[in-house]
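# Per-entry structural report
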Amino acid sequence: IQTLRSIIRSIMVGTRSAGRKREGGKSMEEIKDQLKAKYQRKTKEESGIEERKDEEIATAKDEMKMFQFAQQPIDIEDIWQRDLTAIAGMRKNQDAAVDTMGCHMLHDKEAEPKVQRFQILLALMLSSQTKDEVTSAAMQRLRARGCTIDSMLAMSRSELEQLLTPVGFYRRKAEFIQEAAAVLKEKHAGDIPDTIEGLCALKGVGPKMAHLVMQTAFGRTLGVAVDTHVHRIANRLHWVKTKAPEQTQKQLEELLPRQEWSRVNKLLVGFGQQICMPVRPKCVDCQLNATCPSSTEKNKKKKSEEKED
């Protein structure tokens, strides 16, 4: 009886399939193929969902590791090495204003060495409290007039002021430039001093400028050049705890090995121009936002966790 039933069922299925074929319908084999394809698509989709879940879990684990690492007390040497490595990575494109319009880029490289050194000094004197773009434009105007010690002395004060505008404190800087040019011509044979003390003796030249002049004009790194960017970032990262750039310079020179002195200024200045700005720093884009004590992103996360608790 069971065998008879199987035979009848086979005949009925075959009859239905033949009917579907005649009517333009689908055979059982075609239906099976469709169901199989649909099952395979569903399986693939579910596999993709699982892969995405695995990726999300892996990302969450990485973030947790970073958070746990950030909570661990580590030595100050580990801190600055970690931070400086990350900053160097963020600055690898070297596309900040300091890279293309910094004072090391503004002198005439075809001029005689004495003139090049004077132009480097001049650019640094103009750069104080002035954006690199403005300093660069002013140096182009000065170079169009010669930009030598003699050309600075030959100009009237008002003419020089007009060329410097809109450099910050351009009137005072015009006075300092002409006074420095006179001293250089009279006491240094038309060249600039090759010591920190000699440079700082010129009006309008401070320690930061002097160190950058020594580094750029003479290829000698005698200390860390600390401007407002370096001072701000070193304190934000808790490398130092100081109130004045001079204090920051002293502590950084004690903290950093000598081989790091030459690059730290340019790295931090560019970082300060692009990410760690004085106002509204871009902590969301910073690779140090999980470890930086001053990170707004880290503080947001902490407040969010406190609300959840």
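Residues numbered from 1 in each chain as written. Predicted model: local features only at pLDDT ≥ 70, side-chain atom pairs only at ≥ 80, totals over all residues. Heavy atoms only, no water.

## Notes on the overall build of the chain
A count of helices and strands for the chain gives 15 helices and zero strands. Taken across its 309 residues, the chain has 38% of its residues classed as buried. A separation threshold of at least 6 residues defines the contact pool for the chain, and within that pool the share at least 24 residues apart is 60%. Carbon and sulfur atoms form 52% of the exposed surface of the chain, whose accessible area is close to 18,900 Å². (Helix = DSSP H or I, 4+ residues; strand = E, 2+ residues; numbered from the N terminus. Buried < 20%, exposed > 50% of the residue type's maximum accessible area, 1.4 Å probe, protein only. Contact = heavy atoms within 4.5 Å. Areas by Shrake-Rupley, 256 points an atom, 1.4 Å probe, with all protein chains shown as cover.)

## Structural notes on a negative patch on the surface
A surface patch of negative charge is lined by Glu-51, Asp-54, Glu-55 and Glu-56. One can find Glu-51 in helix α2 (residues 28-71). (Patch = residues over 30% accessible without salt bridge, like charges linked within 9 Å, V, L, I, M, F, W, Y side chains within 5 Å. Salt bridge = Lys/Arg side-chain N within 4 Å of Asp/Glu carboxyl O. Lys, Arg positive; Asp, Glu negative; His and termini not counted. Charge placed at Lys NZ, Arg CZ, Asp CG, Glu CD.)

## Here's the deal with helix α14 (residues 261-274)
Residues that lie three or four places apart on an α-helix share one face, since the helix turns once every 3.6 residues. Every buried residue of α14 is accounted for by Trp-261, Val-264, Asn-265, Leu-267, Leu-268, Val-269, Gly-270, Phe-271 and Gly-272. Considering only its buried residues, α14 is in contact with α3 (76-90), α4 (97-101), α11 (207-218), α12 (228-236) and α13 (245-255).

## Points about the environment of Thr-148
Along the chain, the position of Thr-148 falls in the loop between α6 (132-143) and α7 (149-154). Separated by 37 residues in sequence, Thr-148 and Ala-111 place their C-alpha atoms 9.9 Å apart. For Thr-148, the residues in contact, after removing those within four places along its chain, are Val-115 and Phe-118.

## Observations concerning the packing of helix α5 (residues 113-127) against α6
Running from amino to carboxyl end, α5 crosses α6 at an angle of 140 degrees, the nearest separation of the two axes being 10 Å. By the criterion of interaxial angle, the relationship of α5 to α6 is oblique. α5 and α6 meet at a crossing whose hand is right-handed. Between α5 and α6, the residues in contact are Gln-119, Leu-122, Ala-123, Leu-126 and Ser-127 and Thr-135, Ala-138, Met-139, Leu-142 and Arg-143, respectively. The class makeup of the residues in the contact of α5 with α6 is six nonpolar, three polar and one charged. (Axes fitted to C-alpha atoms, helices over the stretch in contact; angles between N-to-C directions. Parallel < 35°, antiparallel > 145°, perpendicular 65-115°, else oblique. Left-handed = near helix turned anticlockwise from the far one by under 90°. Nonpolar A, V, L, I, M, F, W, Y, C, P; charged D, E, K, R; others polar.)

## Observations concerning the packing of α5 against helix α9 (residues 170-187)
In a packed pair of helices, the relevant descriptors are the angle between the two axes and the axis-to-axis distance. For the pair α5 and α9, the least separation of the axes is 10 Å and the interaxial angle reads 155 degrees. The orientation of α5 with respect to α9, classified from their angle, is roughly antiparallel. Here α5 and α9 pass one another in a crossing that is right-handed. On α9, the residues that touch Phe-118, Leu-121, Leu-122, Met-125, Leu-126 and Ser-127 of α5 are Lys-173, Phe-176, Ile-177, Ala-180 and Leu-184. Residues of the contact of α5 with α9, tallied by class, amount to nine nonpolar, one polar and one charged.

## Details of the environment of Gln-249
Along the polypeptide, Gln-249 turns up in helix α13. With sequence-adjacent residues up to four places away left out, Gln-249 is seen in contact with Pro-207, His-211, Val-224 and Val-226.

## Overview of the confidence of the model for the chain
Residues at a pLDDT of 70 or more form 81% of the chain, whose mean pLDDT is 87. Low pLDDT, under 50, characterises residues 18-23; the stretch is placed with five contacts to residues that sit more than four places away or in other chains. (pLDDT = per-residue confidence, 0-100.)

## Re the pattern of salt bridges
Inspection of every chain in the model, using the stated rule, returns nine salt bridges. One salt bridge in this structure joins Arg-91 and Asp-99, with 2.7 Å as the shortest N-O distance. Across this residue pair, the class does not change: Arg-91 and Asp-99 are buried. In this structure, the salt-bridge partner of Arg-117 is Asp-191, at a minimum N-O distance of 2.8 Å. Within this pair, whereas Arg-117 is found in helix α5, its partner Asp-191 is found in the loop between α9 and α10 (196-200), the two being separated by 74 residues in sequence. When its relative accessible area of 14% is taken as the criterion, Asp-191 is described as buried. When salt bridges with common partners are traced through the structure, they connect Arg-91, Asp-99 and Lys-266 into a single cluster.

## A short note on α6
Helix length check: α6 (12 residues) gives 16 Å between terminal C-alpha atoms against 16 Å at 1.5 Å per residue, within 8%. Residues of α6 that are buried include every one of Asp-132, Thr-135, Ser-136, Ala-138, Met-139 and Leu-142, and no others. All buried residues of α6 lie within an arc of 165 degrees about the axis, which places them on one face of the element. Tucked into the core, α6 has its buried residues touching α4, α5, α7, α8 (157-164) and α14. (Expected span 1.5 Å × (residues − 1). Arc of directions from axis to C-beta.)

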